[in-house]
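Remarks on the overall topology
Here are the chains, one letter per residue:
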Amino acid sequence: MGIRDSVIAALGEAADPTRAAQQQAYMKSAMPCFGVSVPQCRRIAGSVFRAHPLPDAPAWEAVILELWRKAARREERYAAVELLLFGCYAKWLEPARLPVVEELVVTGAWWDFVDPIASRGVGTMLAAHPGPTKAVLREWANDDDIWKRRTAILAQLRAKRATDTALLADAIRPSIGEPEFFLRKAIGWALREYSRTDPAWVTEFVGAHAGLSDLSRREALKLLQRGKRRPHPQN
C-alpha cells in the first residue's frame, strides 16, 4: 500500500465512532471524522511516513496534495498537514511550496488546519528563507481571505528572539479594525507569545494602537497583567 492507503487503513483501525460524532460537532465540520485524537493521528501518520520515505520534494508535495484533496475524513487532512511539517522533510519547506501552503490554508479555512501550518510550517520557511517569505506574508496580511491573514499573523508564533517585529507589526496592523473573531484572537495570541520574549515591545505596541479590540488587547497583555512578566527595557 502507498502512503495514503496506509494512513487511511491505520486511522480506520484506531477509529472511535462515538468520539467521531463529538469531534465533528466540536469542529463544526461538514467533513466526518474517524474519531482519532490529534496526538494519536500524529503518531499514526509519523509511523506511516517513516515506513514510506519519499525521494524528493515533488513526490512529497504530490502526496501532501493527494492526502488533502482526496480526504473523506478530517484526520486524513491532519495527516496531510503532518506530512507538510514532517521533520526530515523540513529542507523542502521553501518558498516554492507556498502555493501548496496557500491551498491548504484557503481550502482548510479553519483553525485546526491553519494554526500548525502557520506556526510550524510557514515559521520554518520564514526562518530558512526570510526574504521571499516575508514578502509573501506581507501580501497575505492584506488579503481578503481571513485565513491567509491569520497565517501571516501567527507565522512567528514560535520565533521568540528571532522575531522580526517590523514583520509582526505589518502582519497585525491591516487586521486591527476587522470584526472577525479569528483575526482578533490571532492578534492577541501573537502578541501574548511575544510578550514572553519582549514585554516592553508588546506593551508599547498595544499602547500605540488604540483600535485594537478588547479581545486582542486582553489576550496580548494577559501574561503581563498576571505579573508573569514585567516590562523592561531591551538590553
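Everything quoted here is computed from the prediction, not taken from an experiment.

Okay, unusual backbone geometry next. A positive phi is found at Lys28, a non-glycine position, where the angle reads about 55 degrees. The topology assignment puts Lys28 in the loop between helix 2 (17-26) and helix 3 (38-51). Judged by relative accessible area, Lys28 falls into the exposed class, the value being 69%. Non-glycine residue Ala109 carries a positive phi angle of around 45 degrees. Checked against the element boundaries, Ala109 lands in the loop between helix 6 (98-108) and helix 7 (111-128). Residue classification places Ala109 among the partly exposed residues on the basis of a relative accessible area of 29%.

According to the stated counting rule, one finds 18 salt bridges in the structure shown. Across the pair Asp164 and Lys134 runs a salt bridge, and its minimum N-O distance is 2.7 Å. Here Asp164 is found in the loop between helix 9 (146-154) and helix 10 (165-172), whereas its partner Lys134 is found in helix 8 (residues 130-140), with 30 residues between them in sequence. Ionic pairing is found between Asp170 and Arg138, a salt bridge with its closest N-O pair at 2.7 Å.

On to the packing of aromatic side chains, then. Describing an aromatic ring pair means giving the distance of the ring centres and the angle of the ring planes. Throughout the structure, instances matching the rule amount to 13 aromatic pairs. Centroid distance Trp68 to Phe113: 5.0 Å. Interplanar angle 70 degrees. Geometry classified as edge-to-face. Here Trp68 is found in helix 4 (residues 57-69), whereas its partner Phe113 is found in helix 7, with 45 residues between them in sequence. No difference in accessibility class separates Trp68 from Phe113, as the two residues are buried. Ring geometry for Phe181 versus Phe182: centroids 5.3 Å apart, planes at 80 degrees, classification edge-to-face. What makes Phe181 partly exposed here is its relative accessible area of 44%. Exposure remark for Phe182: the relative accessible area of 16% places this residue in the buried category. These aromatic residues form a ring-pair network of at least three members: Phe49, Trp60, Phe86, Tyr89 and Trp92. Just above the ring of Trp68 sits the side chain of Arg77; from NZ or CZ to the centre is 4.2 Å. For the cation-ring pair, Lys91 lies above Trp92, with the distance from its terminal atom to the ring centre recorded as 4.5 Å.

Here is what the cut-offs are and how they apply
Residues numbered from 1 in each chain as written. Predicted model: local features only at pLDDT ≥ 70, side-chain atom pairs only at ≥ 80, totals over all residues. Heavy atoms only, no water. Helix = DSSP H or I, 4+ residues; strand = E, 2+ residues; numbered from the N terminus. Buried < 20%, exposed > 50% of the residue type's maximum accessible area, 1.4 Å probe, protein only. Salt bridge = Lys/Arg side-chain N within 4 Å of Asp/Glu carboxyl O. Phe/Tyr/Trp six-rings, centres within 6.5 Å; stacked < 30°, edge-to-face > 60°. Lys NZ or Arg CZ within 6 Å of the ring centre and 35° of its normal.

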